[in-house]
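Here is how the chains run, residue by residue.
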Amino acid sequence: MKYSLIFAACLMLTACATTQTPLTARTEASGAERPPEQLALAFEHADLNLRIEPSSKTIRGDVTLTFQARSPLRRVLLDLDNHFTIDAIAADGTLLPATAWNNPDGRLSIELPRPLAAGEQVKVRVQYHGAPHVAKRAPWDGGFVWATTPDGQPWVASAVQGEGCDLFWPCIDHPQGRAKLVDQHITVPAPLVAAGAGVAMGMDEKDGWRTWHWRAKNPSTYGISINVGPYKLLSEDYRSRYGNTIPLRFWYLPTSEAKAKELLKEFPLILDFFESTIGPYPFADEKMGVVETPHKGMEHQTINAYGNEYAKTMYGYDDLLQHEFAHEYFGNQVTNANWDDMWIHEGLGSYMQPLYMQYLRGDQEYYASLMRMRAAITNTAPLVSGKPHTEEDVYDTKRGGPGQDIYVKGALTMHTLRELIGDKAFFKAVREEVYGTDHPQPGKLAPRYGSTPEFVNLASQASGQDLQWFFDVYMYQKDLPELLATPAGDRLSLRWKTENNKPFPMPVEVRVGNKIETVAMQDGTGSVALPAGATWTLDPHSKVLRRLEHIEAFQAYEKNKRKKS
Ligand SMILES: [Zn+2]
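Residues numbered from 1 in each chain as written. Predicted model: local features only at pLDDT ≥ 70, side-chain atom pairs only at ≥ 80, totals over all residues. Heavy atoms only, no water.

(A) Representation of the sheet that holds strand S25 (residues 508–512) within the structure. Strand order in this open sheet of three strands is S26-S25-S28, and the pairing throughout is antiparallel. In this open sheet, the two strands that pair with only one neighbour each are strand S26 (515–519) and strand S28 (536–538). Recorded for the sheet is a direction-independent mean angle of 20° between the axes of neighbouring strands. (Pairing = 2+ DSSP bridges. Helix = DSSP H or I, 4+ residues; strand = E, 2+ residues; numbered from the N terminus. Axes fitted to C-alpha atoms, helices over the stretch in contact; angles between N-to-C directions.)

(B) Structural view of the packing of helix H7 (residues 343–360) against helix H8 (residues 363–374). Running from amino to carboxyl end, H7 crosses H8 at an angle of 160°, the nearest separation of the two axes being 6 Å. Judged by the angle between their axes, H7 and H8 are roughly antiparallel. The residues of H8 that touch H7, namely those facing Ser350, Tyr351, Gln353, Pro354, Leu355, Met357 and Gln358, are Asp363, Glu365, Tyr366, Ser369, Leu370 and Met373. Grouping the constituent residues of the contact of H7 with H8 by class yields seven nonpolar, four polar and two charged. (Parallel < 35°, antiparallel > 145°, perpendicular 65-115°, else oblique. Contact = heavy atoms within 4.5 Å. Nonpolar A, V, L, I, M, F, W, Y, C, P; charged D, E, K, R; others polar.)

(C) Quick peek at helix H10 (residues 405–435). Over its 31 residues, H10 runs only 25 Å from end to end, short of the ideal 45 Å by more than 12%, given 1.5 Å per residue. A bend of about 125° at glycine 422 is the largest found in H10. Where burial is concerned, most of H10 is hidden: 26 out of the 31 residues are buried. Two residues or fewer past H10, glycine 436 is found with a positive phi of approximately 80°. (Expected span 1.5 Å × (residues − 1). Bend = angle between axes of the 7 residues up to and from the residue. Buried < 20%, exposed > 50% of the residue type's maximum accessible area, 1.4 Å probe, protein only.)

(D) Quick look at the pattern of salt bridges. Under the criterion given, the structure shown has 26 salt bridges. Glutamate 257 is paired through a salt bridge with lysine 261; the nearest N and O atoms lie 3.1 Å apart. Of this pair, glutamate 257 and lysine 261 both sit in helix H4 (residues 257–264), four residues apart, which is roughly one turn of that helix. Overall, glutamate 257 belongs to the partly exposed group, its relative accessible area being 23%. By relative accessible area, lysine 261 is classed as partly exposed at 42%. (Salt bridge = Lys/Arg side-chain N within 4 Å of Asp/Glu carboxyl O.)

(E) Fine view of the state of the cysteines. Counted under the stated rule, the structure contains one disulfide. Disulfide pairing places cysteine 165 opposite cysteine 171 at an S-S distance of 2.2 Å. Looking along the S-S bond of the cysteine 165-cysteine 171 disulfide, the torsion reads about 95°, which is the right-handed sense. When sorted by exposure, cysteine 165 lands in the same class as cysteine 171, which is buried. (Disulfide = S-S within 2.5 Å.)

(F) Looking closely at empty space enclosed by the protein. Scanning all chains against the criterion turns up two cavities of 30 Å³ or more. The volume enclosed by the largest cavity comes to roughly 70 Å³. Forming the boundary of the largest cavity are Pro175, Arg178, Ser220, Thr221, Tyr222, Gly331, Thr335, Asn336, Trp339 and His345. The residue inventory of the lining of the largest cavity, partitioned by class, reads three nonpolar, six polar and one charged. (1 Å grid on protein atoms, 1.4 Å probe; cavity = no way out; pocket = protein on both sides within 12 Å on 5 of 7 lines; lining within 4 Å. Points joined across faces, edges and corners; volume = space filled by probe spheres on them.)

Rendered as structure tokens:
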């Protein structure tokens, strides 16, 4: 999701009362350590039959999940919000007695009728119904959004990044809980449209209900979403620079037609930026899909939620559309192995905005875009803890998480890395992180998991230098490095100051008079000649992210102003 609105969302949240029974702690958390029974499952297929009933704000689910056991297994453990009433559970077609399963707190435990040997498959069918958790202000808190369009028709969406897939279907709520194949059969009152992930397999209409069938390969767990409305569809085919053709699809509200047609013109521009800068669009054989939603936005694989209301900015592009699309690469193609590595989604994803600006417009927009993010860095906690984390552990600063720094500090760290090692090495490392290869070919790509230690290695290999020191300071420590500069006689002496005196051999440019000199700073110190009366500027081309007292003063001033108002 998009960082710039996090503040607004949090303020709104406290003002929003709700009458729902709260979620259990287990359901509210996403990405907690999986028990051995879940680690033993290879998730082959999910067949989701979901009937969406806007008039009663309820859903009815009939879900069949196919698993292969990696090791012997007596029971299947799934995650499902315990507010749903479970009507029946079957294993391989055999209806199980109600004593064989229970779901006290959101961990649905199912005793299998016979133990499963390693390599054997089981089909678990769960039928359930109820009112799914309603989001107070999606996407910052997750759940269903039961809205109506400007002309009064049902407009339904889900966004569950924070709480996970278990808010509306039985799943494994962990980034590594992806199913290899997901079929969605979404039933909605006619003539509503359900836009889904992957490829459109058809629609059947019967007794006033429409069932839309979608099939997606390897979608991310929170990438499975519900999008229902009186949609119209814009379709175009895009000829990729790699020779393949990519379907462009945009489901929009009929009341937005003129604006939707304008926005569609941005799709090919965004695609070509990513394909030329990073590599082939990972889901070209499915689609680049976008759907207009009642909530702001979310990176739902091949069906990105768009609720930016066609806003205009001085940069001349839709930053929300572009941000969510960045997640097709950073989030859906490469997925964090653990939420602790979430900066890979949001930091690299956010850095694609200034990069897009440099590509499309020029340096002014690149640096302006970076500056906006620079002013928002808070350094409340390290970006990466090195320990398994849930989504909340990362997003919630009150729980010691880095919060929005995964976006803004992540992006500025990538800018600094790019300046340090150069474009060739930087984009090679990023490409290998995204695809697992520097030579990605369309049609031969599969989503993968990435981690921070892996990226440290990739950047080190691509640049031919050990960059552990760089990541130690920028990602594993909270404070930014500070460049201390002291004029002494006819020299300007320089020293990097870091938290815990970590080594930081970061070269830095200094302008003295009209000359720019690069100081190697091998042992964290250095100096330049400073003739009497000469003017000087540290890092005149803004290459290095570092502590700046004036930004802290500005942030304190702004905070105080908000408090007063
Ligand atoms: Zn995002």
